[in-house]
Amino acid sequence: MKNLSKLQQILDSGQFAVTAEIGPPKHSSAEGIRHHAEMMRDYVDATNITDNQTAIVRLSSIAAGVHVLNCGIEPIVQMTCRDRNRIAMQSDLMGAYSLGMRNVLCLSGDHQKFGNHPTSKNVYDIDSMQLIYYLRRMRDEKLFFSGEEIKEHEPRFFIGAVANPFADPFEFRVDRLEKKVEAGAQFIQTQCIFDMERFERFMEMVRERGIDERVHILAGVTPMKSWRAAKYIQNNVSGMIVPDELVERLKNAEDPKREGVDICIEQIKYIKENVKGVHGVHVMAIAWEEVVPEIVERSGLYPRPKVG
Amino acid sequence: MIVAQQKPVEDIAQMIADCKKVLFVGCAGCVTVCLAGGEKETEVLASAMRIKRNLENNPLEATTFTCTRQCDPEYIVPLDNLVKDVDAIVSLACGVGVQYLAERFKDKWVVPALDTKFIGGSVTHGNWEEKCGLCGDCILHRTGGICPIIRCSKSILNGPCGGSQYGKCEVSKDVDCAWQLIYDRMKALGKLDKLMEFQPPKDWSKSRDGGPRKAIREDVMID
């Protein structure tokens, strides 16, 4: 079983990486996961598998990771702090590693209020910062979270984290990103960028502090299907900023879906050419995985590099 | 203080539906301050039950008493004579008081009239807010005197999460983001560098996860 993450090899060699996202279904068939994985295989370097996103019960991210691996695509297992205590997290991640998964993305997770089990109990035994720190220590110092020695076969993950330049307090977002890098984050995927001006200000602060030289930042982009979707995010999703111009452009478009894809491609090209310190792009085509190959191809990011 | 709120009258009536004589016991502690189970609320609840049962042609004999505190054995001793011939005791104390009554009066049906909500304080008259998560290992010196354990919806120690926007929590626009408050206060105090320190996971065994907790002070024990 190979030990190094392909995503890590691509990023460490200085190539512009492409990741996407597959959301597991609300049932126990892997057919859709396999379909999406096969479709994306040649167009992305790795794909995130979301962990019960928006707190809606879905097929497990690690189980979905196995199906994705079997389709010849590298998974990035998402692990939220909402549903598992530190015992379950270590156990599940060691299991994931044994199944061939090499990338993990550590995040807080949406509050259960937003899901289909709003009366459930959240865990938050540890937070995302602590998860990053202890996974790094597991790998580099061969220690369980408790400090007990791992005698052999410690999981050696390529550790990812998220950053949200659109949440508040704005300046502290750069501090917190640095804190995550200090804790052990090796790659960062950002929240969906719609407000490019704010993202550029964020990256300017990141570069001033040289953080982009210590971590691989992948810019998050999302194609919009309609102006209503954009408006919904603008009004209802905490921690996201959608400028009015974007809503208007979709509203005035003859074919809004086409327009949404075009906007996304424009953003990728702009980021790649103009925003220094960004090492890749993370395409979150939410419930619209089919459109990923076209976005990658038309953004000039196809074919993807081969890794030995 | 402990903040509690009275259950709906219908729910309380249901708990004592088959009783003919009931003692309503108030508490002069926290629940008096938060206007949920003091002497006044006890009298009002007993009257409400009498009227309701009269209207249903099923009269209820309701007596009342308010203890200095229901969470201290010595203050519930005076109830010994009052409970003798009742079918049930309705406690208007927090969950602690209900249990003290149940423990002392082993052959009596004891029911709660309140929902014990949280520990906190009053914001304005009639408006109380939760402020402390009773974690058993206070960290307020690291967070500018603002508790992330209970005031952050995710109890995050290295916050804020990505759902914080315009000073509010992702859970609701009515909830302040505790970490925005912490950030603002630490910034004003010139202590932002403290927030860059990695905060390790909490020892939850000192909280409710370690089983029922005890506090022992040998120096004040008698015998």
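Residues numbered from 1 in each chain as written. Chains lettered and ligands numbered in written order. Predicted model: local features only at pLDDT ≥ 70, side-chain atom pairs only at ≥ 80, totals over all residues. Heavy atoms only, no water.

Describe the overall build of chain B, and please don't skip the residues or the numbers.
Looking only at helices and strands, chain B has seven helices and nine strands in total. Expressed as lengths along the three principal axes of its C-alpha atoms, the size of chain B is roughly 65 × 50 × 25 Å. Looking at the 223 residues of chain B, the share that counts as buried comes to 40%. Across chain B, every contact between residues at least 6 apart in sequence was considered, and the portion connecting residues at least 24 apart equals 60%. Carbon and sulfur atoms provide 54% of the accessible area of chain B, an area that totals close to 12,300 Å². (Helix = DSSP H or I, 4+ residues; strand = E, 2+ residues; numbered from the N terminus. Buried < 20%, exposed > 50% of the residue type's maximum accessible area, 1.4 Å probe, protein only. Contact = heavy atoms within 4.5 Å. Areas by Shrake-Rupley, 256 points an atom, 1.4 Å probe, with all protein chains shown as cover.)

Which residues make up the sheet that holds strand S1 (residues 2-6) of chain B, and what values do they have?
Residues and elements named next belong to chain B. With antiparallel pairing, three strands are arranged side by side in an open sheet as S1-S6-S7. Bordering the open sheet on either side are S1 and strand S7 (127-132), each of which pairs with just one other strand. Recorded for the sheet is a direction-independent mean angle of 70° between the axes of neighbouring strands. (Pairing = 2+ DSSP bridges. Axes fitted to C-alpha atoms, helices over the stretch in contact; angles between N-to-C directions.)

Which residues make up helix H9 (residues 244-252) of chain A, and what are the values?
Residues and elements named next belong to chain A. Those residues of H9 that fall on the buried side of the exposure criterion are Leu246, Val247 and Leu250. Down the axis, H9 shows its buried residues gathered within 100° of arc, on one side only. The exposed residues of H9 that point more than 90 degrees off its buried face are Glu245 and Asn252. On its buried side, H9 packs onto helix H8 (227-236) and helix H10 (256-274). (Arc of directions from axis to C-beta.)

An account of the pattern of salt bridges is needed here, citing residue identities and associated values.
In this structure the tally under the stated criterion is 32 salt bridges over all chains. Put simply, A:Glu266 and A:Arg249 hold a salt bridge, and the shortest N to O gap is 2.8 Å. Of this pair, A:Glu266 sits in helix H10 while A:Arg249 sits in helix H9, and the two are 17 residues apart along the sequence. A:Arg249 gets classed as partly exposed once you look at its relative accessible area, which sits at 31%. Between B:Arg208 and B:Asp209 there is a salt bridge; the shortest N-O distance is 3.6 Å. Judged by relative accessible area, B:Arg208 falls into the exposed class, the value being 56%. Through salt bridges that share partners, A:Asp175, A:Glu178, A:Glu182, A:Arg209 and A:Arg214 make up one connected network. (Salt bridge = Lys/Arg side-chain N within 4 Å of Asp/Glu carboxyl O.)

Report on the interface of chain A and chain B, specifying residues and quantitative values.
Counting from both sides, the interface comprises 35 residues of chain A and, opposite them, 30 residues of chain B. Between chain A and chain B, the buried area comes to about 2,700 Å², and carbon and sulfur atoms account for 53% of it. For the chain A face of the interface with chain B, the top three residues by lost area are A:Asp168, A:Phe172 and A:Lys179, together amounting to 21%. Where the side of chain A that touches chain B is concerned, the elements lending two or more residues are helix H5 (128-141) and helix H6 (170-183) of chain A. The dominant element in the side of chain A that touches chain B, judged by the number of residues it contributes, is H6(A), at seven residues. The class makeup of the residues in the side of chain A that touches chain B is 13 nonpolar, nine polar and 13 charged. (Buried area = accessible area lost by both parts, 1.4 Å probe. Nonpolar A, V, L, I, M, F, W, Y, C, P; charged D, E, K, R; others polar.)

I'd like to hear about the domain arrangement of chain B, residue by residue, with values.
Split into domains, chain B comes out as domain 1 (2-118) and domain 2 (135-210). A C-alpha centroid distance of 38 Å is found between domain 1 of chain B and domain 2 of chain B. (Domains from an automatic or database assignment.)

Can you break down the nonpolar core residue by residue, with the values?
Counting residues in hydrophobic clusters, the biggest one holds 77 residues, and the most contacted among them are A:Leu131, A:Leu135, A:Leu177, A:Phe199 and A:Phe202. Discounting residues that sit within four places of it in the chain, A:Leu131 has contacts with A:Met79, A:Cys81, A:Met89, A:Cys106, A:Ile126 and A:Phe145. The next biggest cluster of nonpolar side chains, apart from the first, holds 16 residues, and it includes B:Ile12, B:Phe24, B:Leu60 and B:Ala113. (Core = buried A, V, L, I, M, F, W, Y, C linked by side-chain atoms within 4.5 Å.)

Lay out the UniProt feature "domain: Methylene-tetrahydrofolate reductase C-terminal-like" (unreviewed entry) in chain B in plain terms, naming residues and giving numbers.
Those residues carrying the UniProt feature "domain: Methylene-tetrahydrofolate reductase C-terminal-like" (unreviewed entry) are residues 112-205 of chain B in this numbering. The distance from the first to the last C-alpha atom of residues 112-205 of chain B is 29 Å, and the span holds 16% helix and 27% strand. (UniProt positions renumbered as here; feature names shortened; annotations may be inferred.)

I'd like a description of unusual backbone geometry, backed by residues and values.
With omega at 0°, the peptide bond leading from A:Tyr302 into A:Pro303 counts as cis. Residue B:Gly159 is joined to B:Pro160 through a cis peptide bond whose omega torsion reads 0°. Note that B:Pro160 resides in the loop between helix H6 (148-151) and strand S8 (168-169). One non-glycine residue, A:Asn52, lies in positive phi territory at about 45°. When you line up the elements, A:Asn52 lands in the loop between strand S2 (46-49) and helix H3 (61-70).

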